[in-house]
There are 2 protein chains.
Amino acid sequence: MALKNDLFLRALQGQSVDRPPVWMMRQAGRYLPEFRALRDQYDFFTRCQTPEIAAEITVQPIRRFHMDAAILFSDILVIPQAMNIPVEMRPGLGPYLPQPVRTASDVERAEVPDVHQALSYVFEAIKITKQKLDEEVPLIGFAGAPWTILCYCVQGQGSKTFDMAKEFCFTQPEAAHALLQKITDTTIAYLKAKVSAGVDAVQIFDSWGGMLSPVDYQEFSWQYIQQIIDALKPHAPVIAFGKGCWFALKEMSQSGASALGIDWTLSAMNARYLSGGRITLQGNFDPARLLSPPATITKMVYEMIDAFGKDRYIVNLGHGILPNIPLENAQAFIEAVKSYPDRNL
Amino acid sequence: MALKNDLFLRALQGQSVDRPPVWMMRQAGRYLPEFRALRDQYDFFTRCQTPEIAAEITVQPIRRFHMDAAILFSDILVIPQAMNIPVEMRPGLGPYLPQPVRTASDVERAEVPDVHQALSYVFEAIKITKQKLDEEVPLIGFAGAPWTILCYCVQGQGSKTFDMAKEFCFTQPEAAHALLQKITDTTIAYLKAKVSAGVDAVQIFDSWGGMLSPVDYQEFSWQYIQQIIDALKPHAPVIAFGKGCWFALKEMSQSGASALGIDWTLSAMNARYLSGGRITLQGNFDPARLLSPPATITKMVYEMIDAFGKDRYIVNLGHGILPNIPLENAQAFIEAVKSYPDRNL
């Protein structure tokens, strides 16, 4: 059966389109009252690990706003969890890893699991989601970049600087690379299984790549993302998103990824220049700018599309939507993209 | 009386030198045992507000490591404090502002004080420091960029995203600009008085400028930094440092600043290119890279100077030194710069 709306996939292929597709990172999230209702009822990992609930959360924003792509509700930290590195979600603190990885022997204890067994709930959620979506829009699957996963595994929780993760890499580089390779191997198997289960594209999130110098980024982050792209691109289009990774856009553009996600510190001109001008770009509205009045949002979205051009472009935020965004503001963002061809010039 | 070591000032003037000067942001800080001894004895604002203690802390790293410049121990939040916006320092949390600025009437309550009265302790500390330094090396004075100060005034504490500060700017831009102008006026008077009291150069720290899009950065941060540079440059060389502000380096290079501080996400090539190739640059060793073994630090410092070139360059970190850096690693950093002309090629 063919997708009713394949605009997102056509933009990933670089085809010319009437308007760019639009979706929002964390679109299945706390700004939605229907999400908060399920959040009050089920804890974080119950939501991730119960396929029916994860599928329901995934389609909530599509029902309300009709974005051009859905993204499976899940979390990047299901990977360490599956690798025998326990992860808890603590209210007010966020992710907490009670047994952080700090030594070579900690790394040895981390397993490369059989993902079909350890993460079967994700593949089940994909199948249910595809039924619910009924070919309306494509479904994206995602994983964290190995470096970003390492940050949490070593630091044990969120951080402004992830200084313990960096200390681990800079003082025990062999152990760090062993861990990164285990995460990479797990992630490749995981994303391939997601594609087999039905996702139409995959996105790799490197939330903390921008904390590394360009040389350290190549060593501790990019080479592992490249392995994932190499392994996945025969199976599905890959989007690579590195927050703060403007300095690596050239290498990223030559990686075989179908698109690159970019944050809001890049002007369209800089983004096109640094990425070589030909690859599809995805982004990059400042999530906090969705706090502006809806009329301002509409104007800014039109200007953003004017600047990036309607082709080889996917409208998105530059990072996840914030929990305190009013519904009408999120709607203004989506509707602006849809009305772009009919705007008054 | 002339300075015994004026290498730092000559680099700011763009003169050719045998080796670049070196200092470290937060060099008077927690990694020093002699700093921790005073910290155990006096609380944060006692240290800032007691001229003899602030002066002693300022010269501690110079006595130990003989950097090429001292920077007056103080805090960027003495400015809101002087403006009638109370600031506390809470253990484990950091700065806490119990009466955050959230409305236009909050902005009205903020005062532009007589800095000579409100901040007299700073100017007294400068005079004592100059005596202690005995013309050994130049003394730098600093202030936060108005945007960075606004971040704390509105958010009320540190934050990963400063989303409340951005919400304030994006929903109440008039009130935000009124606050930014008051902070700017106070900062100009403050830095001029610092120069009168004896500092040889001033640095403006925009720690959170990189959280804004390029357009919003111009509106909410850069235009106010430009006002400060315009007002100060007849009196002393100005260094502008914006963490994450790579996208604004071109405007910054044309501002009249004597040097630009840069963080470690910029390769030397990108930094020279984006800043036009002529202005003195200051940076940009990843503070976490000081956790590497001393021999690695030495090698990386030599490579960094090779890449930037010895002229129009001031060696520094890309942000403040971390509290957990071993003394021998900090020493390796400083000594590498000093031994650069005699390195084995």
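Report on the accompanying structure. (Residues numbered from 1 in each chain as written. Chains lettered and ligands numbered in written order. Predicted model: local features only at pLDDT ≥ 70, side-chain atom pairs only at ≥ 80, totals over all residues.)

### Section: the overall build of chain A
Turning to step 1, where the next piece is worked out: Scanning chain A for helices and strands turns up 16 helices and nine strands.
Turning to step 2, where the next piece is worked out: For chain A, the C-alpha radius of gyration of 19 Å lies close to 20 Å, the compact-globule estimate for 345 residues.
Turning to step 3, where the next piece is worked out: A principal-axis box enclosing the C-alpha atoms of chain A has dimensions of 65 × 45 × 40 Å.
Turning to step 4, where the next piece is worked out: Looking at chain A as a whole, 54% of its 345 residues are labelled buried.
Turning to step 5, where the next piece is worked out: In chain A, 75% of the contacts between residues at least 6 apart in sequence involve partners at least 24 apart. (Helix = DSSP H or I, 4+ residues; strand = E, 2+ residues; numbered from the N terminus. Rg over C-alpha atoms; globule rule 2.2 N^0.38 Å. Buried ≥ 20, exposed ≤ 12 C-beta atoms within 10 Å, placed from the backbone. Contact = placed C-beta atoms within 7 Å.)

### A look at the sheet that holds strand S6 (residues 238-242) of chain A
Picture the strands of a sheet paired through backbone hydrogen bonds; they go either parallel or antiparallel.
Residues and elements named next belong to chain A.
Turning to step 1, where the next piece is worked out: With parallel pairing, seven strands are arranged side by side in an open sheet as S1-S4-S5-S6-S7-S8-S9. The sheet is open, and its two edges are formed by strand S1 (70-71) and strand S9 (313-317), each paired on a single side.
Turning to step 2, where the next piece is worked out: Alignment of S6 against strand S7 (residues 259-261), held across three bridges, turns out to be parallel. Considered in S7, the bridge of Ala-240 is made with Leu-260.
Turning to step 3, where the next piece is worked out: Against the sheet, helix H11 (residues 173-197) contacts strand S4 (139-144) and strand S5 (201-206), and its axis sits at roughly 170 degrees relative to S4. (Pairing = 2+ DSSP bridges. Axes fitted to C-alpha atoms, helices over the stretch in contact; angles between N-to-C directions.)

### Regarding the relation of the copies chain B and chain A
Turning to step 1, where the next piece is worked out: The transformation that overlays chain B on chain A combines an axial shift of 0.0 Å with a rotation of 180 degrees, and the residual RMSD is 0.0 Å. Given the turn and translation reported, the copies of this chain are related as if by a two-fold rotation axis. In terms of proximity to the rotation axis, the leading residue of chain B is B:Lys160, whose C-alpha is 3.2 Å off the axis.
Turning to step 2, where the next piece is worked out: Both copies share a contact surface, since 100% of the interface residues of chain B are interface residues in chain A too. (Least-squares fit on C-alpha atoms with pLDDT ≥ 70 in both.)

### Let's talk about the interface of chain B and chain A
Turning to step 1, where the next piece is worked out: Of the residues lining the interface, 22 residues belong to chain B; the matching set on chain A comes to 22 residues.
Turning to step 2, where the next piece is worked out: In terms of residue count, the dominant contributor to the side of chain B that touches chain A is helix H10 (residues 163-171) of chain B (five residues).
Turning to step 3, where the next piece is worked out: A class-by-class count of the residues in the side of chain B that touches chain A yields eight nonpolar, eight polar and six charged. (Nonpolar A, V, L, I, M, F, W, Y, C, P; charged D, E, K, R; others polar.)

### Section: the nonpolar core
Turning to step 1, where the next piece is worked out: Counting 250 residues, the largest nonpolar core has A:Ile140, A:Leu150, A:Ala240, B:Ile140, B:Leu150 and B:Ala240 as its most contacted members.
Turning to step 2, where the next piece is worked out: For A:Ile140, the contacting residues outside a window of four places in its chain are A:Ala69, A:Ala70, A:Ile71, A:Leu72, A:Val199, A:Ala201, A:Val202 and A:Gln203. (Core = buried A, V, L, I, M, F, W, Y, C linked by C-beta atoms within 7 Å.)

### Re the packing of helix H9 (residues 146-155) of chain B against helix H11 (residues 173-197) of chain B
Residues and elements named next belong to chain B.
Turning to step 1, where the next piece is worked out: As a packed pair, H9 and H11 sit with axes 9 Å apart at the nearest point and diverge in direction by 120 degrees. The pairing of H9 with H11 is recorded here as oblique in orientation. In terms of crossing hand, the pair formed by H9 and H11 is right-handed. On H11, the residues touching Pro-146, Trp-147, Ile-149, Leu-150 and Cys-153 of H9 are Ala-176, Leu-179, Leu-180, Ile-183, Thr-184 and Thr-187.
Turning to step 2, where the next piece is worked out: Here the residues of the contact of H9 with H11 are counted per class, giving nine nonpolar, two polar and no charged. (Parallel < 35°, antiparallel > 145°, perpendicular 65-115°, else oblique. Left-handed = near helix turned anticlockwise from the far one by under 90°.)

### Observations concerning helix H12 (residues 214-232) of chain A
Residues and elements named next belong to chain A.
Turning to step 1, where the next piece is worked out: Roughly 45 degrees is the biggest bend found in H12, and it falls at Ser-221.
Turning to step 2, where the next piece is worked out: Where H12 is concerned, the buried positions are Asp-216, Tyr-217, Phe-220, Ser-221, Trp-222, Tyr-224, Ile-225, Ile-228, Ile-229 and Leu-232.
Turning to step 3, where the next piece is worked out: Residues of H12 that are buried make contact with helix H9 (146-155), helix H10 (163-171), H11, S5, S6 and helix H13 (249-253). (Bend = angle between axes of the 7 residues up to and from the residue.)

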